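Structural description and commentary
Below, each chain spelled out in residue letters.
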Amino acid sequence: MSSKRHFSFVQVDVFTSVPLLGNSLAVFPDAQGLNDDEMQAIAREMNLSETTFVFRRDPAVERDRGIRVRIFTVTEELPFAGHPTLGTAFQLRDSDSTPEVILDLNVGKIPVRFESSAGQPTFGEMSQVDPEFGPTHDREAVVRAAGLHSADIDPSLPIQTVSTGVPFTIVPLRSLEVMRQLNVNVRGSAEYLESTGGKFFYFVGRETSDPQARLHARMLFYNGEDPATGSAAGCTAAWMVAHGVAAPDERVLIEQGVEMQRPSRIFVRASRRDDRVVNVRVGGNVVETIRGDLFF
């Protein structure tokens, strides 16, 4: 008899209703018995932007605190990330009629609510923690750090760090052509971000491929690129409302992953209350693509 342990997983594509597009996620729905090092090793093995691990608890505890979920990239554990939250919540629904799933992440309780309409794929929308607005940045300092040109930056909007759990420095670019040719100095960017309180740059532009989209986005990290970044999109929702790119509570589309041939559709909105931006919500579709078992 084999002494190997095995853990079942499901792989889904998030922020799309079409298989093989969007951002892939591996979900381990029963991670009991795994330690931190093992989860990190499994995330490296899956080699996706993120992998999630679910630790079920007594139903009474879950009703009060939510379902415990931990999120790992190939290099580290994250307190929060958007597409893992949405994709995991879809997998944890008891039935198609379940209206809400609450996850207990390292950043706290995150609810995901579901909307269904006849003939349309189910839409899920997560509520993120209220945004914290960090510093605005000198354009030339960002240009030097990221290896850009001054003319690449949209001068009508600020470069600003915003966090809804993970701090992203939002950099508005001038055109779709600049976005497509983006070539970032990863080392210089990392050094600059570390010194200014950001985790990653999130590049956005008001010129889009899809005329229905409000922004086109790219996020380069870990020497690669992310097809969809729900946590950054939440920060950007707050940034858009704060700076007049979107109206309060207006649900708008951010397109991402186009350059990777993994187009993603991320729908965002945020409210304004007493001159503060609050109630950040990020949503989209999820489609299952793979089921399997991991042995080690």
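The coordinates are above.
Here goes a summary of the coordinates provided. (Residues numbered from 1 in each chain as written. Predicted model: local features only at pLDDT ≥ 70, side-chain atom pairs only at ≥ 80, totals over all residues. Heavy atoms only, no water.)

**Focus: the nonpolar core**
Core analysis: the biggest nonpolar cluster contains 56 residues, and Tyr202, Trp239, Met240, Ile254, Ile266 and Val268 have the highest contact counts within it. Of the residues forming this core, the biggest block, 8 residues, is contributed by helix H7 (residues 230–242). Counting 18 residues, the second largest nonpolar core, distinct from the first, contains Val143, Val171, Val184 and Phe203. (Core = buried A, V, L, I, M, F, W, Y, C linked by side-chain atoms within 4.5 Å. Buried < 20%, exposed > 50% of the residue type's maximum accessible area, 1.4 Å probe, protein only. Helix = DSSP H or I, 4+ residues; strand = E, 2+ residues; numbered from the N terminus.)

**Quick word on the pattern of salt bridges**
Here the structure, examined in full by the defined rule, presents 20 salt bridges. Of the charged contacts in the structure, one is a salt bridge between Arg5 and Glu38, with a shortest N-O distance of 2.7 Å. Remark: Glu38 occurs in helix H1 (residues 36–46) and Arg5 occurs in the segment before strand E1 (6–14); sequence separation between them is 33 residues. Residue classification places Arg5 among the partly exposed positions, given a relative accessible area of 29%. Between Glu77 and Arg70 there is a salt bridge, and its shortest N-O distance comes to 2.8 Å. Residue classification places Arg70 among the buried residues on the basis of a relative accessible area of 15%. (Salt bridge = Lys/Arg side-chain N within 4 Å of Asp/Glu carboxyl O.)

**Some thoughts on the packing of helix H4 (residues 139–146) against helix H6 (residues 186–196)**
Axis separation between H4 and H6 bottoms out at 7 Å; the angle between their running directions is 135°. When the axes of H4 and H6 are compared, the pair comes out oblique. Of the residues in H6, those in contact with Ala141, Val142, Ala145 and Ala146 of H4 are Gly188, Ser189 and Tyr192. Of the residues assigned to the contact of H4 with H6, the class counts are 5 nonpolar, 2 polar and no charged. (Axes fitted to C-alpha atoms, helices over the stretch in contact; angles between N-to-C directions. Parallel < 35°, antiparallel > 145°, perpendicular 65-115°, else oblique. Contact = heavy atoms within 4.5 Å. Nonpolar A, V, L, I, M, F, W, Y, C, P; charged D, E, K, R; others polar.)

**Details of the packing of aromatic side chains**
Counted under the stated rule, the structure contains 11 aromatic pairs. Ring geometry for Phe28 versus Phe53: centroids 5.3 Å apart, planes at 15°, classification stacked. Taken together, the positions of Phe28 in strand E2 (residues 23–28) and Phe53 in strand E3 (residues 50–55) put the pair 25 residues apart, joining distant regions of the chain. Overall, the relative accessible area of 0% leaves Phe28 in the buried class. Its relative accessible area of 0% is what places Phe53 among the buried residues. When the ring of Phe123 is compared with that of Phe267, the centres are 5.9 Å apart and the planes differ by 70°; the resulting orientation is edge-to-face. Linking Phe123 in strand E8 (residues 123–127) with Phe267 in strand E16 (residues 264–273), this pair joins segments that are 144 residues apart in sequence. Classification of Phe123 by relative accessible area gives buried; the value is 10%. Every member of this aromatic cluster is reached through a ring pair, and the members are Phe9, Phe28, Phe53 and Phe72. Lying over the aromatic face of Phe114, Arg93 brings its terminal NZ or CZ to 4.2 Å of the ring centre. (Phe/Tyr/Trp six-rings, centres within 6.5 Å; stacked < 30°, edge-to-face > 60°. Lys NZ or Arg CZ within 6 Å of the ring centre and 35° of its normal.)

**Quick look at the pairing of strand E12 (residues 200–205)**
Extensive coverage of E12 is indicated by the burial of 6 of its 6 residues. The alternating pattern of E12 places Phe200, Tyr202 and Val204 and Phe201, Phe203 and Gly205 on opposite faces, both of which are buried. Sheet topology places strand E11 (residues 167–173) next to E12; 6 bridges connect them, and they run parallel. Within E12, the position partnered with Leu173 by the bridge is Gly205. In this sheet, strand E13 (residues 213–221) lies alongside E12 in antiparallel orientation, the contact comprising 3 bridges. (Pairing = 2+ DSSP bridges.)

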